[in-house]
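# Topology and contacts: notes
Okay, here's what each chain looks like letter by letter:
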Amino acid sequence: MIAATWIGTSWKMNKLLAEAKAFASRLRECPPPPGVRRFVIPAFPAIHTVAVALGPDSDVMVGAQNAHWEDAGAWTGEVSVPQVKDAGATLVEIGHSERRTHFNETDATVNLKVRAVVRQGLIPLICVGEPEEVFRRREASEYIVSQAQAALRQVPDGSDVLIAYEPVWAIGEAGRAAEPEDLEQPFAALTDALDGRVRAILYGGSVTTDNAAEILAVPGVDGLFVGRAAWDVEGYLALVELAARRGGRELAGASSTRTAPRLASEGLDRPSVPQSTGESSCLA
Ligand code: PGA
């Protein structure tokens, strides 16, 4: 069986409703690409607009960038998992390094949030990544495995979970993408520690169309989680196209076949991964 390659983008604190809708409408025009699982993560106010613009039968999953661990209550300024679910999200990003750095998220709060997401039958996308000094000390693997294990504490086996490995030094304007050789050990370590507990492990941090193919070729990389290079819809579609061309990666021996967990969220209304149809995806 050919596993899907995941290509997702978080828009962070970008896009007004009209821009979000235009992006989603363009995706809607494009046929689901062979073997690629697409997702987009708008800011809270655009989740519903994007979900509606994609339509009920879309293969594109919609996510939220954060959610509180309580289902409701006196938490001014926060948004709960039931609320993002109600708005159309099926995925919730938790623990991005910008949240850990600027909003004091810790392994403990990340874990509470992950458990809340799973409790509501949504998929957590757990972000892990080491600061530069840890990378320089060659301790990235231990650091990120510890973050991932902390995030998954008391999460029932069989829960549908995604991990994004995003080195802090690789993210954003000041970042530089990891070299493929920097990724081999961390992905091997995450795979060893988590296999059977997570559906896919993605890489994020300064991904572009120039480096995407070589990153996807690293064993254990199941997809890409992209910021800047995918905020323009044609940039996103170019990455999707590139991933679609990677179809058959297991057959080519380029990546490990991950043992997917049995889905706790079996009832979740998600289309199956599109398989190769020979159709091309939708580049301008
Ligand atoms: P970037 O962001 O692709 O713009 O570096 C990645 C991320 O923060 O997930």
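Residues numbered from 1 in each chain as written. Predicted model: local features only at pLDDT ≥ 70, side-chain atom pairs only at ≥ 80, totals over all residues.

All right, on to the overall build of the protein then. When you go through the protein residue by residue, the secondary structure sums to 10 helices and 8 strands. Pairs at least 24 apart in sequence give 77% of the contacts found in the protein among residues at least 6 apart. (Helix = DSSP H or I, 4+ residues; strand = E, 2+ residues; numbered from the N terminus. Contact = placed C-beta atoms within 7 Å.)

In this structure, V50, V92, I126, I163, L224 and L239 are the most contacted members of the largest nonpolar core, which totals 83 residues. Of all the elements, helix α10 (residues 233-245) adds the most residues to this core, at 7 residues. (Core = buried A, V, L, I, M, F, W, Y, C linked by C-beta atoms within 7 Å. Buried ≥ 20, exposed ≤ 12 C-beta atoms within 10 Å, placed from the backbone.)

Remark: helix α5 (residues 107-119) packs on helix α7 (residues 140-151), axes separated minimally by 8 Å, with the N-to-C direction vectors making an angle of 45°. Here α5 is positioned oblique relative to α7, judged by the angle of their axes. When α5 is examined against α7, the residues D107, V110, N111 and V114 are found in contact with a partner set consisting of Q147, A150 and A151. Per-class residue counts for the contact of α5 with α7 are 4 nonpolar, 2 polar and 1 charged. (Axes fitted to C-alpha atoms, helices over the stretch in contact; angles between N-to-C directions. Parallel < 35°, antiparallel > 145°, perpendicular 65-115°, else oblique. Nonpolar A, V, L, I, M, F, W, Y, C, P; charged D, E, K, R; others polar.)

So, on to the sheet that holds strand β3 (residues 61-64). Reading around the circumference, β1-β2-β3-β4-β5-β6-β7-β8 is the order of the 8 strands in this closed barrel, with parallel pairing throughout. Pairwise comparison of adjacent strand axes, ignoring direction, gives a mean angle of 25° for this sheet. Packed onto the sheet, helix α2 (residues 47-54) meets β2 (36-41) and β3 and runs at close to 180° relative to β3. Contacting β1 (5-10), β2 and β8 (223-226), α10 runs over the sheet at an angle of about 170° to β1. (Pairing = 2+ DSSP bridges.)

Orientation of α7 relative to helix α8 (residues 180-194), taken along the N-to-C sense of each, is 35°, at an axis distance of 9 Å. Seen along the crossing, α7 lies across α8 with a hand that is right-handed. Side by side, α7 and α8 meet where A140, S141, I144, V145, A148 and Q149 of the first sit next to Q185, P186, A189, L190, A193 and L194 of the second. Partitioning the contact of α7 with α8 into residue classes produces 9 nonpolar, 3 polar and no charged. (Left-handed = near helix turned anticlockwise from the far one by under 90°.)

Here the focus is the environment of V118. With respect to the helices, strands and loops of the structure, V118 is situated in helix α5. With 23 C-beta atoms counted inside 10 Å, the residue V118 sits in the buried group. In this structure, the C-alpha to C-alpha distance between V118 and L91, residues 27 residues apart in sequence, is 9.8 Å.

An ideal rise of 1.5 Å per residue puts 16 Å on 12 residues; α7 measures up with 16 Å between its terminal C-alpha atoms. Within α7, the full set of buried residues consists of A140, S141, I144, Q147, A148 and A151. One side of α7 carries all its buried residues, which in axial view fall inside an arc of 135°. (Expected span 1.5 Å × (residues − 1). Arc of directions from axis to C-beta.)

The next point concerns the confidence of the model for the protein. Scored by pLDDT, the protein comes out at a mean of 90, with 87% of its residues at no less than 70. Every residue in residues 248-256 scores below 50 in pLDDT, and together they form 16 contacts with partners more than four places removed in sequence or on other chains. (pLDDT = per-residue confidence, 0-100.)

Below, the discussion takes up the environment of R99. Its location among the elements puts R99 in helix α4 (residues 97-102). For the pair R99 and Q65, spaced 34 residues apart in sequence, the C-alpha separation works out to 9.5 Å. Sequence-distant contacts of R99, defined by excluding residues within four places in its chain, comprise N66 and E105.

In strand β6 (residues 162-165), alternate side chains face the same way, and those of L162 and A164 on one face and I163 and Y165 on the other are all buried. By the bridge criterion, 4 bridges tie strand β5 (residues 123-128) to β6 in an arrangement that is parallel. Looking at β6, one finds that C127 is bridged to A164. One ladder, built from 4 bridges, connects β6 with strand β7 (residues 200-204); its direction is parallel.

What follows is about the pairing of β7. Of all 5 residues making up β7, 5 are buried, and the element is well covered by its neighbours. On the question of chirality, the crossover connecting β6 to the parallel β7 by way of α8 is right-handed. With 3 bridges connecting them, β7 and β8 associate as parallel partners. The partner of L202 across the bridge, within β8, is G223. (Right-handed = clockwise from strand over helix to strand, strands pointing away.)

With phi around 50°, K12 is a residue other than glycine that occupies positive phi space. Here K12 lies in the loop between β1 and α1 (17-29).

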